[in-house]
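Fold and contact review
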Amino acid sequence: MSSAAPPEAAVAATDQNSLASIARARWDAFKGGDVGSVPVIVGIVAITIFFTVKTNIFFTAVNFSNLIGQMAGVTVIAVGVVFVLLIGEIDLSIGYVSGIASVVVAEFQVAGSSHDYPGLVAIAIAILVGAVIGAAQGSIIAFLGVPSFVVTLAGLLICQGMIIYLLGTQGVIGIQDKQVNDVANYVLTKNTGWIVAIVFTAILTAGAIGSYLSRRRAGLPTGNVLLTIGRVVLYGGLMFAAVAVCNHSRGVPLVGLIFVFVVAVFSYLASRTTFGRHVYAVGGNAEAARRAGINVKLIRILCFVISGACAGLGGVILASRLNSVDLTFGGGTLLLDAISAAVIGGVSLFGGRGRVSGALFGGLIIGMISNGTDLVGSADWVKYVTTGVILLAAVTLDTVARRRQVAAGR
C-alpha cells in the first residue's frame, strides 16, 4: 500500500508555507499578544533618530565602534540571565559574580607573583569561577528548594565581600597582560573584518540549508524557502553593513565578535537542542516537565551555571576595557542593566518565553541610551529614568501579551 500523502494534503501543506499564509498567521499571533521583536526594533529606530537629531556624533562610524565596546560586557552577562529567566527564576548575583571574575583574571596575570599565568589561562579560570558559583547557587535552589531570589541575593553579598577581601589594601590591580587587554581593545584589520563577514554568512547559509534538509528528511514542515533565503540575506547583510561601518573607523573590535559568537552559540543551544527544549518546558510548567521525564533539577543547575559563566566572561570584558579592576567592580547599575537588557529584549519574567537573541537587542538599547545621553551631556538621572521607563514598558507589554495569549488559548 502506498504511503504517499493524498493530493489534498500536499496542497494544504503548500498553502500553509505560502507567504500569504505565513503573514496571516503572524498577524493573528500579533493580535493574540505575540508581538515578537517589533517593540524592540521600533525602540532601536526611535532612539537612533532621537540622538542623531540631538548630536551629529551619534550616527558615526567612530561612535558605532565605541558603542560595541560599551555594550559588550552587559550583553554577554544578559545572555546568561536569559536562561535563568526562561526557567522562571532570577539571578541577582550576576553583577558581583562578574566583579569576582574581574578580580580573578587580574590576580592571575600579575607579573612576578606566584600565580602569574598566561592571559588565556587567567581568562579561563575567571570564567570557570563564575560557572562554579552558578553551580553552587543552582544546586541550593534545585535540591533544597530555597527561592532563587534569596539564594542569589546572598550570593551577591558574599561576592561583594570577597571582592573587598581579595583586593585588600591594594584597592586597584592593573592589568598588563596583552591577551587579557586585547579582549576588549583589539581591533581587527579591515581585510580580516570582511573575511569574518563572509565566514559568518557562509555558516548562516549552511545552517539554513542543513535545517531545511533535515526537516524535509524527517517529514516536518520546512517553511517558506523565500522567507528562509530572506533571513539569510538580512542577517548576512547586517553583518556586512556592520563591518563596512567599522572599517570607516579603526576596524571591527574583537569584543564585537566575541559577544556575537556568544549570542549565536547560546541561541543554537536554546533553539536547536534537547537541552533548550527542556529549558522552555521547565519554564512553561515545571511539574508537567517533571512528569514528562525531564530532570528539572539538572536543568535548573545548568541554567545557573550558564548564567555564572557568562557573568564571568562579562567581567573579563569589563576589566579588559578599563585595563584594571577596583573595589567598584560589579556594583553600580550592572545587575539592573543586564536584567533590563534581557527583559527589554523580549524575555518573559514569567518563564518559558523569549529568545537568547533578545539579549543582543536589549543590550543594544541599554548601550544606546547610555552612549547617547553621555554624548548630549544629559545628567545621570536622565539615563536612569529613561532606562527605567523602557524597562517598565517592556514588562507591562509582556504582562499584557501574556494575558491576551491566555485568553486566546495559546
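Here is what the cut-offs are and how they apply
- Residues numbered from 1 in each chain as written.
- Predicted model: local features only at pLDDT ≥ 70, side-chain atom pairs only at ≥ 80, totals over all residues.
- Heavy atoms only, no water.
- Core = buried A, V, L, I, M, F, W, Y, C linked by side-chain atoms within 4.5 Å.
- Buried < 20%, exposed > 50% of the residue type's maximum accessible area, 1.4 Å probe, protein only.
- Helix = DSSP H or I, 4+ residues; strand = E, 2+ residues; numbered from the N terminus.
- Domains from an automatic or database assignment.
- Contact = heavy atoms within 4.5 Å.
- Salt bridge = Lys/Arg side-chain N within 4 Å of Asp/Glu carboxyl O.
- Expected span 1.5 Å × (residues − 1).
- Phe/Tyr/Trp six-rings, centres within 6.5 Å; stacked < 30°, edge-to-face > 60°.
- Polar contact = N/O pair within 3.5 Å; in protein donor to acceptor, adjacent residues only side chain to side chain.

Considerations on the nonpolar core
Counting residues in each nonpolar core, the largest one holds 91 residues, and the members touching the most others are Val79, Phe83, Ile94, Val105, Phe266, Ile299 and Ile339. For this core, the leading source of residues is helix H4 (residues 61–86), giving 15 residues. When residues of this core are sorted by domain, at least three fall in each of domain 1 (36–186 + 274–409) and domain 2 (187–252). Not counting residues within four places of it along the chain, the set of residues in contact with Val105 comprises Ala122, Ile123, Ala126, Val180, Val316 and Ala319.

Section: the pattern of salt bridges
Per the stated rule, a full pass over the model turns up five salt bridges. As a salt-bridge pair, Asp182 and Lys178 come within 2.7 Å of each other at their nearest N and O atoms. Taken together, the positions of Asp182 and Lys178, both in helix H8 (residues 178–185) and four residues apart, correspond to about one turn of that helix. The exposed category is assigned to Lys178, whose relative accessible area is 56%. Arg290 serves as the salt-bridge partner of Glu287, at 2.5 Å between the closest nitrogen and oxygen. Highlighted residues: Glu287 and Arg290, both in helix H13 (residues 286–291), separated by three residues, approximately one helical turn. Note on Arg290: relative accessible area 48%, which makes it partly exposed.

A short note on helix H10 (residues 225–247)
Its 23 residues give H10 an end-to-end C-alpha distance of 33 Å, which sits within 8% of 33 Å, the value for a rise of 1.5 Å per residue. Buried within H10 are the following residues: Val232, Gly236, Met239, Val243, Cys246 and Asn247. Each element contacted by the buried residues of H10 is listed here: H4, helix H9 (190–217) and helix H11 (254–272).

Concerning the packing of aromatic side chains
Given two aromatic rings, one states the distance between the centres and the angle between the planes to describe the pair. Taken as a whole and judged by the stated rule, the model has six aromatic pairs. With centroids separated by 5.7 Å and ring planes inclined at 70°, the aromatic side chains of Phe83 and Phe266 adopt a geometry described as edge-to-face. Of this pair, Phe83 sits in helix H4 while Phe266 sits in helix H11, and the two are 183 residues apart along the sequence. Take Phe83 and Phe266: they sit in the same class, and that class is buried. On the numbers, 5.6 Å between centres and 25° between planes, the contact of Phe108 with Tyr117 is stacked. Residue classification places Tyr117 among the partly exposed residues on the basis of a relative accessible area of 36%. Three or more aromatic residues joined by ring pairs form one cluster here, namely Phe50, Phe51 and Phe58.

Examining the side chain of Asn371
Checked against the element boundaries, Asn371 lands in helix H16 (residues 357–376). A distance of 3.0 Å separates the side chain of Asn371 from the side chain of Gln70, its partner in a polar contact. Ignoring any residue separated from it by four or fewer positions in sequence, one finds Asn371 in contact with Phe58, Asn63, Leu67 and Gln70.

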